[in-house]
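Spelled out from the first residue to the last, the chains are:
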Amino acid sequence: TNRFSEFHMDGTSAFHPGGNFRVAWDMMGLFFLSIDALMLPLSLAFDMQMSTDNPGGVLLTIFFWFGFVYWCSDIPANFNTAVYRQGRIVETRRLIAYHYLRTWFFFDLGLITLDLISVSTEWSAAGDLATLRSLRVIRALRLLRLLKVSKLKTIIQEMVASTGRSGVVFMLAILNTAILIMFMIHVMTCVWYGIGRGSISSGQISWIDISMATDVSTFTQYMHSLRYVINAPSPPLVAPDNLIELSADTLANILGLIVLGSAVSKISQALADMRANSESDDRQRREIRLYLNSQNAPFELVSRIMKFVDYRLEKMSNISFDATLISKTLQTELYVNQRNAFLVQLPIFSLAQAVYPDVFADLCACLSKDVFEKFESVYLLGSWAKGMVMTLSGTFTYSEPEATALSIEGTAWFEEASLYVDGMLHNSSLATKTFGETFLLSGEDLVRCLIHSPGCTRMFLEYARDFVANLTREKADPFIRDTQMKAGEKACLSNLHYQELYQDPRKKLENIHTASWVRGEALPPLSSEQEEAGLLAGRHTRRASFFGGVTRNSGKQQEAGSWLMRRQESFGSANENLRIQASVLSSEADREFGLRKLIEAVMETTSEAASKTDDHPEASCETSASLGGFFEEDQTLASRIVSAIPELDKRYGPYILFDQEAERGRAESSCISLLALLGKHFDIFTSPQPARQKLLQRQWQE
């Protein structure tokens, strides 16, 4: 069993509560709630029914059935939507069902039941007064669905807040207040008209009679009622003996004052907050100018400082954050959401995100942010390296000794080797061309994040060993940026965690055809099962597990620009290129490897040389020459061995496939030594040995 299997998630995962599907689905729910808020009061006040006889009835019928289908579908959608529990996202079906059953399930089921009762009652009413009264009560109960506005309002506020624009947040607050006012006016309009109709039904003089709006159209009656609610006449146009209308008029005025006063207060508060933000920036600028003037700073320095201050104020939020209000887990998740897109560009950190999401979250929290002005040095050639540097925004100039300076924009990382090497000096320089921001990760911070995870520590230790070993193989400049990037990718690919989680299908035994590749024959076509399980489906299966690992931690899919994502997407094209390469070589002449013939030739040459040696001892020195005559086509025994043993091929052999070039050389040397021993060829056996340590003829004979 794969010991990393706990990091793989089920492919049929639940919808993310903040994902695109749920956002679109909730927006659709908000639309149907808005329709209910508009149509239900109208249907109660004006006694509108679903029918095809008038436009109002047609609209009511269409919106009812579309809404009914949506709310029925909303129940299974909620059973398949992940939930947050103690700050972490939960995708377990049992916990999702338990959470939904405890919150909105019975409320949603009850409203759907009311919809069914409403439509069945409306069909069976047929002029029955008692049934019509029951229908009005059922319609009134359906207004309870508007309670779900609070849930959708929270979702919308979180979406707007995630944009990071305070102006949008304030505008949303004003818009919410305006919508609330319009909704209350609409409800009061319908209630006031319903009270008037009730007065007419009871035989009293109603405000409708006084306004002479009895025989006008429904829309005109609504406008009369709206005009009365917005600006009630004084004295009111109500019959002196109609106590119900008098009480309703008084209550409507009191409620209107309360709603209007609350709305004005909210709008004033939002505008005051907007002014406070602007005043805070202006106050800080003014204080800095006063301080610079008191210090008699030169104009050029003041100008540079104020430009830097403007940049910081633009990037920095002036809203203070009390970290004690949220848990440490939520703080860490906030850091992951802000910084994971930068850290996953590096191979080892992208792998850590997939395998050890908790450690990756701690790494995101440990990053320290620095801001630089124009033409300021981030680090200089020959200075001590404090840690790995990642650029966030701005334009930077990167220069190496005896090389052309490069202009770098966007995300890039430098000096990763400083995380694993003590006392490292910078072999390059990095400076800003514009205002720029960077992240710094030191070796001490890396150790603090790894100390509580033995598995992740083992992964980084193996990676660091291979990373440094790859650097030391570079004889020229082992610590320049390109060398470090190549060494990091190679070390990650050879890491045990990567190889167990993301197996390369090219290295599976069933996909290795060394003899055919060496001969130049075309590879046999892959079966559908192999395609699904290996070469073509490898990208998708690993991508699902990769997303799953991230979902456990942050509830969001992996960034599209991550190293692992790019690596897995290149798997299919790499395998296809390998097949095309083998197909191109199919035009080469077919030939036998001839290992048996090689061994027989060595032994035959040895027998002939031995007989000559018995008759003429001085001929022993001619043994190698006679063997060399046999190999006059390839000149060397090594080339004949490589031609005879396909596993030693320098292009398609398994040693090359598994990145074991050194082992291939040792295997080739072992084969040469073995043939030399079998053939008793002293010169061939001892030719690689140094002169002072060379085997003596006497020792060879012994």
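Look above for the structure.
Overview of the structure.

Scoring rules and cut-offs
Residue numbering note: each chain is counted from 1, following its sequence as written. Where local features are concerned, this predicted model is filtered to residues with pLDDT of at least 70; where side-chain atom pairs are given and counted, the filter is 80 or more; whole-chain, interface and lining totals use all residues. In computing side-chain properties, one takes all heavy atoms of the structure into account and sets aside hydrogens as well as water. Put simply, DSSP H or I for four residues or longer makes a helix, DSSP E for two residues or longer makes a strand, and each gets a number counted from the N terminus. Burial classification: accessible surface area is computed with a 1.4 Å probe over protein chains only, and a residue below 20% of its type maximum counts as buried, one above 50% as exposed, and the rest as partly exposed. Here a residue-residue contact requires only that any non-hydrogen atoms of the pair lie within 4.5 Å. Computed with a 1.4 Å probe, the accessible areas rest on the Shrake-Rupley method; for each residue, only the protein chains presented here act as cover. Residue count minus one, scaled by 1.5 Å, sets the expected span of a helix. The directions considered for the arc run from the helix axis to the C-beta atoms. In summary, the pairing rule links any two rings of Phe, Tyr or Trp, Trp by its six-membered ring, whose centres are within 6.5 Å, and it sorts them by plane angle into stacked for under 30 degrees, edge-to-face for over 60 and tilted for everything else. For two strands to be treated as a pair, DSSP must find at least two bridges joining them. A fitted line through C-alpha atoms serves as each axis, taken over the contacting stretch for helices, and the angle formed by two N-to-C directions is quoted from 0 to 180°. Patch membership requires more than 30% relative accessible area and the absence of a salt bridge. Residues of like charge join within 9 Å; the nonpolar side chains Val, Leu, Ile, Met, Phe, Trp and Tyr join within 5 Å. The term salt bridge refers to a pairing of a side-chain nitrogen on Lys or Arg with a carboxyl oxygen on Asp or Glu at a separation within 4 Å. Buried residues of nine kinds, namely Ala, Val, Leu, Ile, Met, Phe, Trp, Tyr and Cys, make up a nonpolar core once their side-chain atoms join them within 4.5 Å. The scheme is simple: roughly parallel for angles under 35 degrees, roughly antiparallel for over 145, roughly perpendicular for 65 to 115, oblique for anything else. Note on convention: near helix rotated counterclockwise from far helix by under a right angle means a left-handed crossing. Clockwise means right-handed. Each residue gets one label: Ala, Val, Leu, Ile, Met, Phe, Trp, Tyr, Cys and Pro are nonpolar, Asp, Glu, Lys and Arg are charged, and the others, such as Gly, are polar.

What follows covers the overall build of the chain. On a plain count of helices and strands, the chain comes out with 29 helices and 10 strands. Across the 702 residues in the chain, those meeting the buried criterion constitute 39%. Sequence separation of at least 24 residues holds for 72% of the intrachain contacts in the chain that already meet a minimum separation of 6. Carbon together with sulfur atoms contributes 59% to the accessible area of the chain, which is approximately 39500 Å² in total.

For helix H16 (residues 454-472), with 19 residues, the first-to-last C-alpha span of 27 Å sits near the 27 Å given by 1.5 Å per residue. Among all positions of H16, only Gly455, Cys456, Met459, Phe460, Glu462, Tyr463, Ala464, Asp466, Phe467, Asn470 and Leu471 are buried. Where H16 is buried, its residues touch helix H13 (347-355), helix H14 (357-366), helix H15 (443-450), helix H17 (481-493) and helix H18 (496-501).

Turning our attention to H17. Between its terminal C-alpha atoms H17 stretches 19 Å, which fits the 18 Å expected from 13 residues at 1.5 Å a residue. What H17 keeps buried is the set Arg481, Thr483, Gln484, Ala487, Gly488, Ala491 and Cys492. The buried residues of H17 occupy an angular sector of 155° when projected down its axis, which confines them to one face.

On to unusual backbone geometry, then. Negative phi characterises most residues that are not glycine, and trans characterises most peptide bonds. Phi at Met212 takes a positive value of approximately 55°, unusual for a residue other than glycine. Structurally, the position occupied by Met212 is in the loop between helix H8 (207-210) and helix H9 (218-230).

With that settled, consider the packing of aromatic side chains. Under the definition given, this model contains 25 aromatic pairs. Geometrically, the ring pair formed by Phe21 and Trp25 is stacked, given 5.9 Å between the ring centres and 20° between the ring planes. Taken as a pair, Phe21 and Trp25 lie in helix H1 (residues 20-45) at a separation of four residues, close to a single helical turn. Looking at Phe21, the relative accessible area reads 39%, which means it is partly exposed. Consider the rings of Trp207 and Tyr228, whose centres lie 6.1 Å apart with planes at 35°: the pair is tilted.

All right, on to the environment of Leu271 then. Relative to the assigned elements, Leu271 resides in helix H10 (residues 243-294). In the structure, Leu271 is positioned 97 residues away from Ile174 in sequence and 8.8 Å away in space, judged by C-alpha atoms.

This next bit is on the sheet that holds strand S4 (residues 377-379). Read across the open sheet, the four strands follow the order S4-S9-S6-S7; overall the sheet is antiparallel. Pairing within the sheet leaves two strands with one partner each, and these edge strands are S4 and strand S7 (406-409). Between one strand axis and the next, the sheet turns by 30° as a mean value, whatever way the strands run. Where strand S6 (residues 395-399) lies against strand S9 (residues 429-432), four bridges are found, and the strand directions are antiparallel. Its bridge partner lying in S9, Phe396 is registered against Thr432.

Next up on the list: a nonpolar patch on the surface. Taken together, the side chains of Leu595, Ile599, Met603, Leu674 and Leu678 present a nonpolar region at the surface, about 400 Å² in accessible area. Those elements that provide at least two residues to the nonpolar patch are helix H23 (595-615) and helix H27 (661-679). Looking at the nonpolar patch, the element that brings in the most residues is H23, giving three residues. Its location among the elements puts Met603 in helix H23.

A few words on the nonpolar core. Grouped together as the largest cluster of nonpolar side chains are 47 residues, with contacts concentrated most on Leu343, Phe349, Leu351, Leu363, Met388, Tyr420 and Phe460. Of all the elements, H16 adds the most residues to this core, at seven residues. Setting aside its immediate chain neighbours within four residues, Leu363 contacts Leu343, Phe349, Leu441, Leu446, Cys449 and Phe460. Tyr193, Ile208, Tyr222 and Val238 belong to the second-largest nonpolar core, a separate cluster that totals 21 residues.

The side chains of a regular strand alternate between both faces of the sheet. When S6 meets S7, the two strands line up antiparallel, connected through four bridges. Among the inter-strand pairings, Thr395 is bridged to a residue of S7, identified as Glu409.

Here we take up the sheet that holds strand S5 (residues 388-393). The strand order across the open sheet formed by four strands is S3-S10-S5-S8, and the pairing between neighbours is antiparallel. Bordering the open sheet on either side are strand S3 (368-372) and strand S8 (412-414), each of which pairs with just one other strand. Direction aside, neighbouring strands of the sheet carry axes that sit 30° apart on average.

Within the structure shown, the criterion is met by seven salt bridges. For Lys369, the salt bridge goes to Glu437, with nearest N and O atoms at 3.0 Å. On the criterion of sequence distance, the pair formed by Lys369 in strand S3 and Glu437 in strand S10 (residues 436-441) is long-range, its members being 68 residues apart. For Glu663, the salt bridge goes to Arg666, with nearest N and O atoms at 2.5 Å. Note that Glu663 and Arg666 are positioned in helix H27 at a spacing of three residues, about one turn of the helix. When its relative accessible area of 34% is taken as the criterion, Glu663 is described as partly exposed. Among the residues examined, Arg666 registers a relative accessible area of 46% and is labelled partly exposed. Where salt bridges share partners, they join Glu661, Arg664 and Glu668 into one cluster.

Further remarks concern the packing of H13 against H16. Closest axis-to-axis distance for the H13/H16 pair is 11 Å, and the angle between their directions is 160°. Classed by the angle they form, the pair H13 and H16 counts as roughly antiparallel. H13 and H16 meet at a crossing whose hand is right-handed. Packed against H13, whose contacting residues are Ile348, Phe349, Leu351 and Ala352, the element H16 presents Met459, Phe460 and Tyr463 at the interface. For the contact of H13 with H16, the residue count by class is seven nonpolar, no polar and no charged.

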